[in-house]
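Summary of the model geometry
For reference, the chains in residue letters:
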Amino acid sequence: MNNIRSTLATVWRIASPYFSSEDKWAGRGLLGAVISIELLLVGNDVLVNQWRNRWYTALQNKDWDTFKFETMVFCGLATVSVVLGVYQLYLNQWLQIRWRNWMTNKYLGEWLHDANHYRMQLAGDAADNPDQRMSDDVKLFVSQTLAIGVGLLSAVVTLASFVIILWGLSAALPLLLFGSDLTFPGYLVWAALVYAVFGTMLTQWIGSPLVNLDFNQQRLEADFRFNLVRVRENSEQIALLRGESAERGRLSERFGRVVGNWYGIMSRTKRLTAFTQSYAQASVIFPFVLAGPAYFVSKSIQLGVLIQIGEAFGKVQDALSFFVTAYRTMAEWRATVARLDGFENSISSAEKLAADPASIHTRPASGGDIALPQLLVKLPNGAPLVSVSRFSFRPGERTLVTGPSGAGKSTLFRAVAGIWPFGNGAIEVPRDATLMMLPQRPYLPIGSLHDAVVYPGEAAGYDAGRVREVLTAVGLPQLATRLEEEAHWNRMLSLGEQQRLGIARALLHTPQFLFLDEATASLDEPSEAALYQLIAAKLPDTTVVSIGHRSTLDAFHQRNIALVRDGERFALRDAVKVAAS
Ligand SMILES: Nc1ncnc2c1ncn2[C@@H]1O[C@H](COP(=O)(O)OP(=O)(O)OP(=O)(O)O)[C@@H](O)[C@H]1O
């Protein structure tokens, strides 16, 4: 019970924001229409049930006039039912896409806000496949919530309507058993109730392991797909290492788990279906067996009433055994809700991590330096990594950062960029300053070369002539004529070419602070030297901070700093300058 309550509370938390969003009137209007139509459909069912009584009675009495009239009535009821059914589905689908659109945009916004996507990975939270959460799970959540919510409402209203009908009919016919009349008030209702509760409990008992099995199936499928994507992304490495058979083994093993779990689902579904099918078959005759003696022995009712009882009994039992038919959807729905809940929690812990005053935070300052008054950078597990005391990157100065591999140079850059929260202390960044980080492998979005070079800017904001000029300057004249070409540039260009492209990006964006994290390490030394000279010539006012291991870099920087071991951590110190620029 507590489980159901907490699932419902979670559903409310995930679902309700849409209905108070900027799209609330469309959402509420469509939901209202879907619910109203569902209620009208139940009303129509009640009218059809009463019509059935009159129609079969007319058949039994060979009453031609009533037969003709009731045929017309049926045509009217059937038309209403078809029109309502069509619009219910249409409006339901319309609501689904609007709701899904809103939720997807909300999640995209939160996920991509202020490096949350990166911090979520760092925190290693439950939301391991954000792609699955935002595509499959949002879609499932919306459709299942509507199906279950509207289905439940329909079940309750159907139940109430047909209980009243059955109750009335119970009074009209005796319950004849072994020659005596055992009638008691509403006995048809009680019979339907006992029958449905029996069915629901047995179904719950047989089907409950499916909840876990379904959850595991989705997890294992996602795991298999993720491993396939990794092979695709690293296909060159795998081909070079001849790793195909190792990958094949690994993938087969993952798929084997999908298959194994599927066998579990099959066997459990077989048992569940055997029961639900038998139950459905028994339901066809059960009410007739109950009311049969009154029809055949005491002859106290007509065929129309018997048929009406059969249908009303079926409706009550359908409504009561809502859980019987919706069992699988409910199980999948709970799994979807749990995954979306994990995703939302993961986003909010990433936001909390960034906002936590006890973690590293950047604050705007009036000076021109990036100042690190007192900073301790830690690993996600809390172990200290780098400590910095009273340090600043001075405007226009070019600084080289060195230190052993794994000392924390890149992590220090991440902290300055404001995306590494682990640790404590403030980083003061000049108000409205523009910072650019260039890593060893720049990210180049799939699309036109023009888009890739100016990223994260918009192609329209950068004149093609200027982009060509910059590409030629960084030593990529052969690309200057291919700006409109669309490709997967990270796969197509050599690492050295990608690094040249990264420098071209910096020249276009002219940041005030440029951080180069081994951003030219794949180039030969003369090419690297030429690029550094280009940066000095084209970006004379930019503060450049480079991480590099080559001593030849020294000549292009005015200041050297190093990460040196200081007990358990590394400390940032001014190093001896080897050569003047
Ligand atoms: N996301 C992470 N989770 C856990 N540990 C991390 C993470 N990122 C980095 N580290 C650890 O932090 C330490 C510093 O890594 P970092 O990449 O900053 O070193 P570096 O000085 O730039 O090394 P290199 O010169 O080899 O590039 C390493 O021990 C690394 O394993």
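Structure shown above.
Owing to the predicted nature of the structure, the values given are computational and were not obtained by experimental measurement.

The helix and strand inventory of the protein stands at 18 helices and 14 strands. For the protein, the C-alpha radius of gyration of 35 Å lies well beyond 25 Å, the compact-globule estimate for 581 residues. A principal-axis box enclosing the C-alpha atoms of the protein has dimensions of 115 × 55 × 50 Å. In the protein, of all internal contacts separated by at least 6 residues, the share reaching a separation of at least 24 is 78%.

A large share of strand β11 (residues 513-517) lies buried, amounting to 4 of its 5 residues. In this structure, strand β8 (residues 435-438) lies alongside β11, joined through 4 bridges in parallel fashion. Its bridge partner being in β11, leucine 438 is matched across the sheet by leucine 516. In this sheet, strand β12 (residues 543-547) lies alongside β11 in parallel orientation, the contact comprising 5 bridges. Bridge pairing in β12 links phenylalanine 513 to threonine 543. A crossover connection joins β11 to the parallel β12 through helix α18 (residues 525-538); in handedness this β-α-β unit is right-handed.

This part is about unusual backbone geometry. With an omega dihedral of 5°, the bond running from tyrosine 455 to proline 456 counts as a cis peptide bond. In this fold, proline 456 is placed in the loop between α14 (449-454) and α15 (464-473). Of note, the phi angle at lysine 62 is positive, near 50°, even though the residue is not glycine. Note that lysine 62 resides in the loop between α2 (24-60) and α3 (64-111). Overall, lysine 62 belongs to the exposed group, with 8 C-beta atoms counted inside 10 Å. Even without being glycine, arginine 242 reaches a positive phi, approximately 55°. As for its placement among the helices and strands, arginine 242 is situated in the loop between α8 (235-240) and α9 (244-296).

What follows concerns the environment of arginine 441. Of note, arginine 441 is situated in the loop between β8 and β9 (447-448). For arginine 441 and alanine 521, which are 80 residues apart along the polypeptide, the C-alpha to C-alpha distance reads 9.9 Å. Setting aside residues up to four positions removed in sequence, arginine 441 forms contacts with Leu495 and Gln498.

Within the fold, phenylalanine 288 resides in helix α9. Given 14 C-beta atoms within a 10 Å radius, phenylalanine 288 is considered partly exposed. Sequence spacing of phenylalanine 288 and alanine 473 is 185 residues, and the spatial spacing of their C-alpha atoms is 90 Å.

Direction of pairing for strand β3 (residues 361-365) relative to strand β7 (residues 423-430): parallel, over a ladder of 5 bridges. The residue of β7 that forms the bridge with histidine 361 is alanine 426. In the sheet, strand β4 (residues 370-378) pairs with β7 via 4 bridges, with the strands oriented antiparallel. Paired with valine 377 across the two strands is glycine 423, which belongs to β7.

Around the ligand lies a shell formed by Leu122, Leu379, Pro380, Leu385, Gly403, Ser405, Gly406, Ala407, Gly408, Lys409, Ser410 and Thr411. No other element matches helix α13 (residues 409-417), which puts 3 residues into the shell around the ligand. Partitioning the shell around the ligand into residue classes produces 5 nonpolar, 6 polar and 1 charged.

Conventions used here
- Residues numbered from 1 in each chain as written.
- Predicted model: local features only at pLDDT ≥ 70, side-chain atom pairs only at ≥ 80, totals over all residues.
- Helix = DSSP H or I, 4+ residues; strand = E, 2+ residues; numbered from the N terminus.
- Rg over C-alpha atoms; globule rule 2.2 N^0.38 Å.
- Contact = placed C-beta atoms within 7 Å.
- Buried ≥ 20, exposed ≤ 12 C-beta atoms within 10 Å, placed from the backbone.
- Pairing = 2+ DSSP bridges.
- Right-handed = clockwise from strand over helix to strand, strands pointing away.
- Near = placed C-beta within 6 Å.
- Nonpolar A, V, L, I, M, F, W, Y, C, P; charged D, E, K, R; others polar.

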